[in-house]
Amino acid sequence: MHVEMATANGVEPEAIRELYRHLAPYVGYPVLVSTFQRLAELGLPAAQDTSPVAPVPPSGALARAVRGLQDVDPGLAAFTEDQFAQRWARPYLSVRERALTCLVVDIFYQTLGASLHLHAELARADGATEETFRDLIRGVAEFGLARAWAAAAALLPGPEPDTEP
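In this text the structure is predicted, and so the values were computed from the model without any measurement.

**Here's the deal with the overall build of the protein**
So, step 1. Tallying secondary structure elements over the protein gives nine helices and zero strands in all.
So, step 2. Along its sequence from the N terminus, the protein presents helices and strands in the succession α-α-α-α-α-α-α-α-α.
So, step 3. Seen along its three principal axes, the alpha-carbon backbone of the protein occupies a region of about 65 × 40 × 30 Å.
So, step 4. By residue count, 36% of the 165 residues in the protein fall in the buried class.
So, step 5. For the protein, the proportion of contacts with a sequence separation of at least 24, taken over those separated by at least 6, is 65%.

**What to know about helix 5 (residues 74-87)**
So, step 1. The end-to-end C-alpha distance of helix 5 is 20 Å, a good match for the 20 Å that 14 residues give at a rise of 1.5 Å each.
So, step 2. Among the residues making up helix 5, those that are buried are A77, T80, Q83, F84, A85 and R87.
So, step 3. The inward-facing, buried residues of helix 5 contact helix 2 (13-27), helix 3 (29-41), helix 4 (60-70), helix 6 (95-109) and helix 7 (114-125).
So, step 4. The backbone nitrogen of G75 has a side-chain oxygen 2.8 Å away, supplied by the residue at the start of helix 5, namely D73.

**Focus: the environment of R124**
So, step 1. Position of R124 among the secondary structure elements: in helix 7.
So, step 2. Relative accessible area serves as the criterion here: at 36%, R124 is assigned to the partly exposed category.
So, step 3. Considered as a pair, R124 and R96 are 28 residues apart in the sequence and their alpha carbons are 7.6 Å apart.
So, step 4. Contacts of R124, omitting those with residues within four sequence positions, involve E130, F133 and L155.

**Some points on a nonpolar patch on the surface**
So, step 1. A surface patch of nonpolar side chains, about 280 Å² in accessible area, is lined by Y29, L76 and F79.
So, step 2. Of note, F79 is situated in helix 5.

**A short note on the side chain of E18**
So, step 1. Within the fold, E18 resides in helix 2.
So, step 2. By relative accessible area, which is 0% here, E18 ends up buried.
So, step 3. Discounting chain neighbours no more than four positions away, the residues touching E18 are R87, R90, P91, Y92, L93 and R98.

**Thoughts on the nonpolar core**
So, step 1. Of all hydrophobic cores here, the largest spans 37 residues; its most connected members are Y20, F84, W88, L103, L122 and F133.
So, step 2. Secondary structure elements with two or more residues in this core: helix 2, helix 3, helix 4, helix 5, helix 6, helix 7, helix 8 (130-141) and helix 9 (145-155).
So, step 3. Broken down by element, this core gets its largest block of residues, six residues, from helix 6.
So, step 4. If sequence neighbours within four positions are ignored, F133 has contacts with L100, L103, A120, A123, R124, A128, L155 and L156.

**Considerations on the packing of helix 6 against helix 7**
So, step 1. Direction vectors running N to C along helix 6 and helix 7 enclose 155°, while the axes themselves pass 8 Å from each other. Taken together, helix 6 and helix 7 sit at an angle that is classed as roughly antiparallel. The handedness of the crossing between helix 6 and helix 7 is left-handed. Side by side, helix 6 and helix 7 meet where V95, R96, A99, L100, C102, L103 and D106 of the first sit next to S115, L116, H119, A120, L122 and A123 of the second.
So, step 2. Class assignment for the residues of the contact of helix 6 with helix 7 results in nine nonpolar, two polar and two charged.

**Observations concerning the packing of aromatic side chains**
Any aromatic ring pair is given by two values, namely how distant the centres are and how the planes are angled relative to each other.
So, step 1. What the rule picks out here adds up to two aromatic pairs.
So, step 2. On the basis of an interplanar angle of 75° and a centroid distance of 6.3 Å, the ring pair of Y20 and F36 is categorised as edge-to-face. With Y20 in helix 2 and F36 in helix 3, this pair connects stretches of sequence that are 16 residues apart.
So, step 3. An angle of 85° between the planes, with centres 6.2 Å apart, marks the rings of F108 and F143 as edge-to-face.

What counts, and at which threshold
- Residues numbered from 1 in each chain as written.
- Predicted model: local features only at pLDDT ≥ 70, side-chain atom pairs only at ≥ 80, totals over all residues.
- Heavy atoms only, no water.
- Helix = DSSP H or I, 4+ residues; strand = E, 2+ residues; numbered from the N terminus.
- Buried < 20%, exposed > 50% of the residue type's maximum accessible area, 1.4 Å probe, protein only.
- Contact = heavy atoms within 4.5 Å.
- Expected span 1.5 Å × (residues − 1).
- Polar contact = N/O pair within 3.5 Å; in protein donor to acceptor, adjacent residues only side chain to side chain.
- Patch = residues over 30% accessible without salt bridge, like charges linked within 9 Å, V, L, I, M, F, W, Y side chains within 5 Å.
- Areas by Shrake-Rupley, 256 points an atom, 1.4 Å probe, with all protein chains shown as cover.
- Salt bridge = Lys/Arg side-chain N within 4 Å of Asp/Glu carboxyl O.
- Core = buried A, V, L, I, M, F, W, Y, C linked by side-chain atoms within 4.5 Å.
- Axes fitted to C-alpha atoms, helices over the stretch in contact; angles between N-to-C directions.
- Parallel < 35°, antiparallel > 145°, perpendicular 65-115°, else oblique.
- Left-handed = near helix turned anticlockwise from the far one by under 90°.
- Nonpolar A, V, L, I, M, F, W, Y, C, P; charged D, E, K, R; others polar.
- Phe/Tyr/Trp six-rings, centres within 6.5 Å; stacked < 30°, edge-to-face > 60°.

Scope: geometric values only; no functional claims are made or implied.
Written out as structure tokens, the structure reads:
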């Protein structure tokens, strides 16, 4: 349904494929195999973008995230750096679109710490506002109100807690 709605509203098939390519390390590669099979079943035209894209070393918030992983696990840091280099500078999606997509994954998986804040920082740097985040959280709330509520508490500024007895 979502793929059909996207194409009916002018989203290019390559952008749909790029969305799924971008999500692969966040949701798991095995999940995406069946997704690409389903795209073919839905009649999406064959991929035009079949050439590998030269990796772009991560900078800014992405580079800081990799450096933060160095102390935790150097091998994981190297894998993450490689994934960032392959994913975040590819064509067909903006950094904002990529970051907002990753925020949805963060909400569903409840990765509400460093991952959520990294993706929010990347989205903000590419023009997202607090209202963008509010709209995104409201949009995913129908798939899990408790998850959306926890994400709102982690991401959105709220009133100070009442400390009066």
